[in-house]
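Residue strings, one per chain:
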Amino acid sequence: MKATDVLVRCLENEGVEYIFGVMGKETLDLVDSLSRSKKIQFVNTRHEQGAAFMADVYARLSHKAGVCTSTLGPGATNLLTGIASATLDFSPVVALIGQAGFERQHKESHQYLDLVKIFEPAAKWSIQIKDSLTLAEIVHKACRTAKMEKPGAVIVELPENLAAQEISDDAITIIPAPTLMTVDEEIIAAVDQINNSQRPFIIVGNGVVRAKAVTEVNAFIDCLQAPVTHSMKAKGILPKDNPFNYFTFGFSEKDEVLPGIEKADLLIVIGYDFVERLPKEWNKKKVPVIHVNAISAEPDEYYPLKSELVGDVKRVMQAMIDLKIVPKPWEPSGNLREKIKQSYHIDGGGKSSLSITSILQAIEKRTCENTIVLSDVGSHKISIAKTYQPKKPNKVIISNGLASMGIAIPGAIGAMLACSADPVICITGDGGALMNFAEIETAVRLGLAFVIIVLNDSKLKLEEQMMTQKLGNDYGTAFGNPDFVQLAESFGIRGERPASINEFEDILDKALTKNEFTLIEIKLVNE
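In this text, all values refer to a predicted model and were calculated from it rather than measured experimentally.

Colleague: Any chance you could explain the overall build of the protein chain here in plain terms?
Modeller: Scanning the protein chain for helices and strands turns up 21 helices and 18 strands. Taken over C-alpha atoms, the radius of gyration comes to 24 Å for the protein chain, in line with the 24 Å a tight globule of 527 residues would show. Dimensions of the protein chain, computed from the C-alpha atoms along their principal axes, are close to 70 × 60 × 45 Å. Counting every position in the protein chain, which comprises 527 residues, the buried fraction comes to 58%. When contacts within the protein chain are restricted to residue pairs at least 6 apart in sequence, long-range pairs at least 24 apart make up 74% of them. Accessible surface computed for the protein chain: about 21100 Å², of which carbon and sulfur atoms make up 51%. For the protein chain, the distance from the average site of its 56 positive side-chain charges to the average site of its 67 negative ones is 3 Å.

Listed below in structure tokens is the structure:
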């Protein structure tokens, strides 16, 4: 078999279902091999960045490796933003990149760049296949490395001269990755520390979702009965009406929940990723920490470790529950939970005008528990992270590690392919929308249907707010826009521009009920 046939067989063996990308001369053999696969569908996208975003979101929702591909040179560099985003959001992505043959890599050559070096800072592992006989081993290691904690992107570069070589079919037998478990004595010591505390406070991150430990974490919270806050990527882990839920944090140094954290005498930090917000921004009082995560902590003066429980979060939490945990019910002073709810416009309190708050409240009321909401990056991301309350975990997808504009529309395609039965709504600003708008054609070609909400204010609103606050002007933040409704219709999908919140609700109901691919342009009013 030729090398790319073996490569595809190896990917099939790893459970890969889709490969997203744009082909080129150096990947023609790979795409030819994919054309004969009965298990993997090649999704030819309109831009490599869109391909990487699709693979990222697909991976987050499916808990499988998302795979993307490009040719060398500009095709590869177009992948870079999406690859970096996947790595910083801990999403298991494997990128297969074509490269010039060995015979011209030692000299100045058309479109040749040292891609392994370029991608090294943005990936968990970056490797060039130098011997086609190592292909099966490298593909297996790439998929395994991408999925192991903490997940991230892996780059596999295949030189053109190796792609068509004849080699034996030697796929690696798949063995589940090992799970780590901290020792019993450490767990007992940590539970003793919790039982001896007076005001423990729980902080939950997206590592709980990755470990599939939501049930165990909720059982632990029920036992301890202490206040809980979570990162924006961990939304939905705790039900909205849970009395211990103090909602989302990680926006600024003035987060509404911080007074509660500062009153604690112990922080129990479970599956939290520092990339969301460094401890010095939420633990200024240097409250002692019990660290529960799949990997070791990075302690500093603002993350003073009292105990460190490293291992499979699901198993660690169950072991803690099995010990006797003394309930520690306490409430931060000042009716803090209700203040947060009012500030975040949870359970109403928004305006009746067509604003981001009223839109989010309408979506929450009118969608089912499996609805997936994707947020692009912009001022609306903060509103989504605060106001919108999903009914289940891993149903709000937010780019937060790299905070990449342009992820929402291609991400919605990845979401639909990972969870075909679930309604998908992507919310994007007018800045992010046009970065990968062409991927609507990809979605139409695939027969997908979801809702795109474009928030149109003809500016980079978040940058306007920051620049005005810092410098007193908003120079460079404004731009012009096309008619998004007509643009949507030119792609063959429905375009709507509601004039009121009631009209928006009717359009949303129709799109979801009829499963109709719809773009809704919102002319925003100021909150």
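Colleague: Sorry, what's going on with the environment of M232 here?
Modeller: Of note, M232 is situated in the loop between β8 (228-230) and β9 (245-248). Along the chain, M232 and T477 lie 245 residues apart, while their C-alpha atoms are 26 Å from each other.

Colleague: Mind showing me how you'd approach the packing of helix α3 (residues 48-62) against helix α16 (residues 408-418) here?
Modeller: At their nearest, the axes of α3 and α16 sit 7 Å apart, and the two run at 40° to each other. The pairing of α3 with α16 is recorded here as oblique in orientation. Handedness of the crossing formed by α3 with α16: right-handed. Here G50, F53, M54, V57, Y58, L61 and S62 of α3 come into contact with α16, specifically with P410, G411, I413, G414, A415, L417 and A418. Classifying every residue of the contact of α3 with α16 gives ten nonpolar, four polar and no charged.

Colleague: It is not clear to me how the sheet that holds strand β15 (residues 424-429) should be interpreted in this structure. Could you clarify?
Modeller: What links the strands of a sheet is backbone hydrogen bonding, and the strands pair in either a parallel or an antiparallel sense. Read across the open sheet, the six strands follow the order β14-β13-β15-β16-β18-β17; overall the sheet is parallel. The strands lining the two open edges of the sheet, one partner per strand, are β14 (396-398) and β17 (494-496). Each adjacent strand pair in this sheet contributes to an overall mean axis angle of 15°, direction not counted. Pairing analysis gives three bridges linking β17 to strand β18 (residues 518-523), with the strands arranged parallel. Looking at β18, one finds that R494 is bridged to T518.

Colleague: How should I be thinking about the sheet that holds strand β2 (residues 41-44) in this particular structure?
Modeller: If you trace the six strands from one edge of the open sheet to the other, you get β2-β1-β3-β4-β6-β5, paired in parallel fashion. The two strands at the open ends of the sheet, each matched to only one other strand, are β2 and β5 (125-128). Across this sheet, the average inter-strand angle for adjacent strands is 20°, counted without regard to direction. As paired elements, strand β1 (residues 18-21) and strand β3 (residues 66-70) share three bridges and run parallel to each other. Bridge assignment links G21 to a residue of β3, and that residue is T69.

Colleague: Explain the nonpolar core here, please?
Modeller: Across soluble globular proteins, nonpolar side chains show a tendency to be buried alongside one another. Core analysis: the largest hydrophobic core is formed by 82 residues, its most contacted members being F220, L267, I270, I363, I453 and F504. What F220 contacts, discounting residues up to four positions off in sequence, is I194, I202, I268, I270, M317, M320, I321 and I325. Core analysis: the second largest hydrophobic core is formed by 52 residues, A51, A95, I155 and I452 among them.

Colleague: What exactly am I supposed to notice about unusual backbone geometry here?
Modeller: Excluding glycine, residues mostly carry a negative phi; peptide bonds, for their part, are mostly trans. Between E149 and K150 the backbone carries a cis peptide bond, its omega angle lying at -15°. Here K150 shows up in the loop between α6 (135-147) and β6 (153-159). A positive phi angle, near 55°, is found at F90, a position not held by glycine. Residue placement: F90 occurs in the loop between α4 (74-88) and β4 (93-99).

Calculation notes
- Residues numbered from 1 in each chain as written.
- Predicted model: local features only at pLDDT ≥ 70, side-chain atom pairs only at ≥ 80, totals over all residues.
- Heavy atoms only, no water.
- Helix = DSSP H or I, 4+ residues; strand = E, 2+ residues; numbered from the N terminus.
- Rg over C-alpha atoms; globule rule 2.2 N^0.38 Å.
- Buried < 20%, exposed > 50% of the residue type's maximum accessible area, 1.4 Å probe, protein only.
- Contact = heavy atoms within 4.5 Å.
- Areas by Shrake-Rupley, 256 points an atom, 1.4 Å probe, with all protein chains shown as cover.
- Lys, Arg positive; Asp, Glu negative; His and termini not counted.
- Charge placed at Lys NZ, Arg CZ, Asp CG, Glu CD.
- Axes fitted to C-alpha atoms, helices over the stretch in contact; angles between N-to-C directions.
- Parallel < 35°, antiparallel > 145°, perpendicular 65-115°, else oblique.
- Left-handed = near helix turned anticlockwise from the far one by under 90°.
- Nonpolar A, V, L, I, M, F, W, Y, C, P; charged D, E, K, R; others polar.
- Pairing = 2+ DSSP bridges.
- Core = buried A, V, L, I, M, F, W, Y, C linked by side-chain atoms within 4.5 Å.

In short, the description is geometric, and any link to function would need to be established separately.
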